[in-house]
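Residues per chain are reported as follows:
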Amino acid sequence: MAAPILRGVRKLLKHVEFATVPRRHRHKKKWAATEPKFPAVRLALQNFDMTYSMQFGDLWPSIRVSLLSEQKYGALVNNFAACDHVSAKLKQLNARDFVNEAISYWELEPESGQSGAPSPASWACSPNLRCFTFARGDVSRFPPARLGSLGVMDYYLMDAASLLPVLALGLQPGDIVLDLCAAPGGKTLALLQTGCCRNLAANDLSTSRTGRLQKVLHSYVPQEIRDGNQVRVTSWDGRKWGELEGDTYDRVLVDVPCTTDRHSLHEEENNIFQRSRKKERQMLPLLQVQLLAAGLLATKPGGHVVYSTCSLSQLQNEYVVQGTIELLANQYSIEVQVEDLAHFRRLFMDTFCFFPSCQVGELVIPNLMANFGPMYFCKMRRLT
């Protein structure tokens with residue numbers, strides 16, 4: 001099964017090499033004079049129709065209409081606020097804490113065919129996270145978050161599927177954690193909510209994006225934690241992290257830049273399908289491989305990495321994971337094992353719609369009854 005993926009990776013990496021075309025063979029197409037100018041959102045939809053109709057087949061029309069419809073959100077409870085009071089208010093809206101409901105059900109109802117409940121290690125999630133969503137088919141909206149009695153915001157509104165990579169990372173108390181591509185800050189905030197981070201490094205190359213991250217931390221995290229040694233915000237090149245701080249972290253989240261499929265269909269601003277960004281878009285898989293490799297190199301042997309995107313693209317998801325594992329084996333003699341997340345899919349299948357045919361990792365696909373995602377995530381363990 002891995003052979004076709006590896007062939008696809010090699011083909012992909014050939015396409016994104018920085019090859020120089022001889023000047024006599026260069027031809028600059030004057031599209032502005034001969035072709036109509038389409039908005040970036042339309043170009044994105046054309047691109048998705050071509051690629052995803054082949055990737056998803058009969059599922060694509062359903063995914064397509066869901067992507068073009070209003071996104072569903074979750075409310076991540078701020079544990080630094082009066083969290084019990086906040087949870088009670090959210091329950092009054094008829095929202096449910098999908099995280100703790102799922103975990104409680106799993107503990108009470110062992111998998112069929114097993115004599116007892118599964119061992120905690122086999123399904124362990126990052127602890128202490130509470131995130132409320134409305135039931136399937138309920139399109140109610142949460143009111144905007146407010147400043148609570150303890151001087152921080154009560155909850156953070158986010159695509160609830162964005163919490164899955166943090167849950168899958170399986171933080172343990174005292175972990176040293178890296179969020180390699182941290183901005184705008186939702187997953188960084190969730191990592192802090194677990195109460196497990198002895199130290200958290202939150203990095204993003206863009207200083208404007210780290211500015212947004214700092215605003216989120218300022219609004220949701222008490223000053224003594226922000227000013228202490230627990231959180232460090234940097235704007236370094238994440239591709240160099242393996243050289244800067246190799247073999248350092250217990251857990252690493254690599255939530256890479258991607259085509260941000262839903263954003264690309266709705267917003268012209270900062271849309272990667274703008275014609276001026278074509279080269280940048282074509283180079284995304286190479287950048288993603290470089291970032292994931294850096295994250296794995298920064299992890300201690302025995303530590304865990306979760307790679308995630310908000311794209312449906314196989315080139316940006318499974319192919320990047322397989323290509324990076326092959327790269328580390330060949331160039332660094334480092335062995336990386338992909339963790340099976342089938343149990344994780346079963347744990348949260350009542351809230352999200354999962355694509356059934358991922359070869360590595362898990363993919364939440366948008367669905368009108370549960371319009372979260374897309375969100376791809378894959379958990380890996382560095383063995384050597």
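Procedures and definitions
Residues numbered from 1 in each chain as written. Predicted model: local features only at pLDDT ≥ 70, side-chain atom pairs only at ≥ 80, totals over all residues. Heavy atoms only, no water. Helix = DSSP H or I, 4+ residues; strand = E, 2+ residues; numbered from the N terminus. Buried < 20%, exposed > 50% of the residue type's maximum accessible area, 1.4 Å probe, protein only. Contact = heavy atoms within 4.5 Å. Axes fitted to C-alpha atoms, helices over the stretch in contact; angles between N-to-C directions. Left-handed = near helix turned anticlockwise from the far one by under 90°. Nonpolar A, V, L, I, M, F, W, Y, C, P; charged D, E, K, R; others polar. Salt bridge = Lys/Arg side-chain N within 4 Å of Asp/Glu carboxyl O. Phe/Tyr/Trp six-rings, centres within 6.5 Å; stacked < 30°, edge-to-face > 60°. Core = buried A, V, L, I, M, F, W, Y, C linked by side-chain atoms within 4.5 Å. Pairing = 2+ DSSP bridges.

*Asks:* So what exactly am I meant to see when it comes to the environment of Leu-287 here?
*Replies:* Mapped onto the secondary structure, Leu-287 falls in helix H15 (residues 284-298). By relative accessible area, Leu-287 is classed as partly exposed at 25%. A C-alpha to C-alpha distance of 8.4 Å links Leu-287 and Pro-257, two positions 30 residues apart in sequence. Leaving out residues up to four positions away in the same chain, Leu-287 has contacts with Arg-239 and Pro-257.

*Asks:* It is not clear to me how the environment of Thr-260 should be interpreted in this structure. Could you clarify?
*Replies:* As for its position among the elements, Thr-260 is in the loop between strand E8 (249-255) and helix H13 (261-266). We classify Thr-260 as partly exposed; its relative accessible area is 27%. Measuring from C-alpha to C-alpha, the distance between Thr-260 and Met-375 comes to 9.5 Å, with 115 residues separating the pair along the chain.

*Asks:* Would you take a moment to explain helix H9 (residues 186-193) for this structure?
*Replies:* Two residues of an α-helix separated by three or four positions point the same way, owing to the 3.6 residues in each turn. Counting buried positions along H9 gives eight out of eight residues, so the element sits mostly inside the fold. For H9, every residue scored as buried is listed here: Gly-186, Lys-187, Thr-188, Leu-189, Ala-190, Leu-191, Leu-192 and Gln-193.

*Asks:* What's the story with the side chain of Gln-288 in this structure? I'm lost.
*Replies:* Take Gln-288: it is sitting in helix H15. The exposure class assigned to Gln-288 is buried, which follows from its relative accessible area of 0%. Those residues in contact with Gln-288, other than ones at most four positions away along the chain, are Val-256, Pro-257, Cys-258, Tyr-307, Gln-316 and Val-320.

*Asks:* So what exactly am I meant to see when it comes to the packing of H9 against helix H10 (residues 207-220) here?
*Replies:* Axes are the key here: two packed helices are described by the angle between their axes and the distance separating the axes. Between H9 and H10, the least distance of the axes is 9 Å, while the angle of their chain directions is 35°. The two elements H9 and H10 meet at a crossing, and its hand is right-handed. Facing H9, whose interface residues are Thr-188, Leu-189 and Leu-192, H10 presents Leu-213, Val-216, Leu-217 and Tyr-220. Looking at the contact of H9 with H10, its residues break down into six nonpolar, one polar and no charged.

*Asks:* Help me out: how do you make sense of unusual backbone geometry in this one?
*Replies:* Among all residues save glycine, negative phi is the norm, and among peptide bonds the norm is trans. With an omega of 5°, the peptide bond between Ala-183 and Pro-184 qualifies as cis. If you trace the backbone, Pro-184 turns up in the loop between strand E5 (175-179) and H9. Going from Gly-373 to Pro-374, the amide bond is cis rather than trans, its omega being 5°. In this structure, Pro-374 sits in the loop between strand E11 (362-364) and strand E12 (375-382). Despite not being glycine, Asn-128 has its phi angle at roughly 70°, a positive value. Here Asn-128 lies in the loop between helix H7 (120-123) and strand E3 (131-133).

*Asks:* Sorry, what's going on with the pattern of salt bridges here?
*Replies:* Between side chains of opposite charge, a pair can form as their charged atoms come close. Tallying each qualifying case throughout the model produces 14 salt bridges. Ionic pairing is found between Arg-130 and Asp-84, a salt bridge with its closest N-O pair at 3.2 Å. Here the residue Arg-130 occupies a position in the loop between H7 and E3, and Asp-84 occupies one in helix H5 (residues 83-92), the gap between them amounting to 46 residues. The salt bridge partner of Lys-187 is Asp-255, with a shortest N-O separation of 3.3 Å.

*Asks:* Teacher, can you tell me more about the packing of aromatic side chains here?
*Replies:* What characterises a pair of aromatic rings is the spacing of the ring centres plus the angle enclosed by the ring planes. Tallied over the full model, the rule gives 15 aromatic pairs. On the numbers, 5.4 Å between centres and 75° between planes, the contact of Tyr-156 with Tyr-220 is edge-to-face. Note that Tyr-156 is positioned in strand E4 (residues 155-158) and Tyr-220 in helix H10, a separation of 64 residues in sequence. Ring centres of Trp-236 and Trp-241 lie 5.0 Å apart, and the angle between their planes is 35°; on these two criteria the pair is classed as tilted. Among the aromatic side chains, those forming a connected cluster through ring pairs are Phe-98, Phe-344, Phe-348, Phe-352, Phe-354, Phe-372 and Phe-377.

*Asks:* When you look at the packing of helix H3 (residues 40-56) against helix H4 (residues 60-67) in this model, what are you seeing that I'm missing?
*Replies:* Packing of H3 against H4 leaves a shortest axis separation of 9 Å and a crossing angle of 145°. Handedness of the H3/H4 crossing: right-handed. Listed contacts from H4 to Leu-45, Phe-48, Asp-49, Tyr-52, Ser-53 and Phe-56 of H3 are Trp-60, Ile-63 and Arg-64. Taken together, the residues of the contact of H3 with H4 break down into six nonpolar, one polar and two charged.

*Asks:* Is there a simple way to think about the nonpolar core in this case?
*Replies:* Leu-164, Phe-348, Phe-352 and Phe-377 are the most contacted members of the largest nonpolar core, which totals 55 residues. Looking at this core, the elements that each hand over two or more residues are helix H6 (98-108), E4, helix H8 (164-169), H9, strand E6 (197-203), H10, helix H17 (342-347) and E12. If you look at the next biggest cluster of nonpolar residues, it comprises 49 residues, including Tyr-52, Ile-176, Val-254 and Phe-355.

*Asks:* Looking at this structure, how should I read the sheet that holds strand E1 (residues 74-77)?
*Replies:* Strand pairing in a sheet relies on backbone hydrogen bonds. The paired strands run either parallel or antiparallel. Pairing in this open sheet of four strands is antiparallel, and the strands run E2-E3-E1-E4 from one edge to the other. Two strands bound the open sheet, and with one partner strand each, they are strand E2 (96-97) and E4. Pairing geometry for E2 and E3, over two bridges, is antiparallel. Bridge assignment links Arg-96 to a residue of E3, and that residue is Thr-133. H5 contacts E1, E3 and E4 of the sheet and is inclined by roughly 160° relative to E1.

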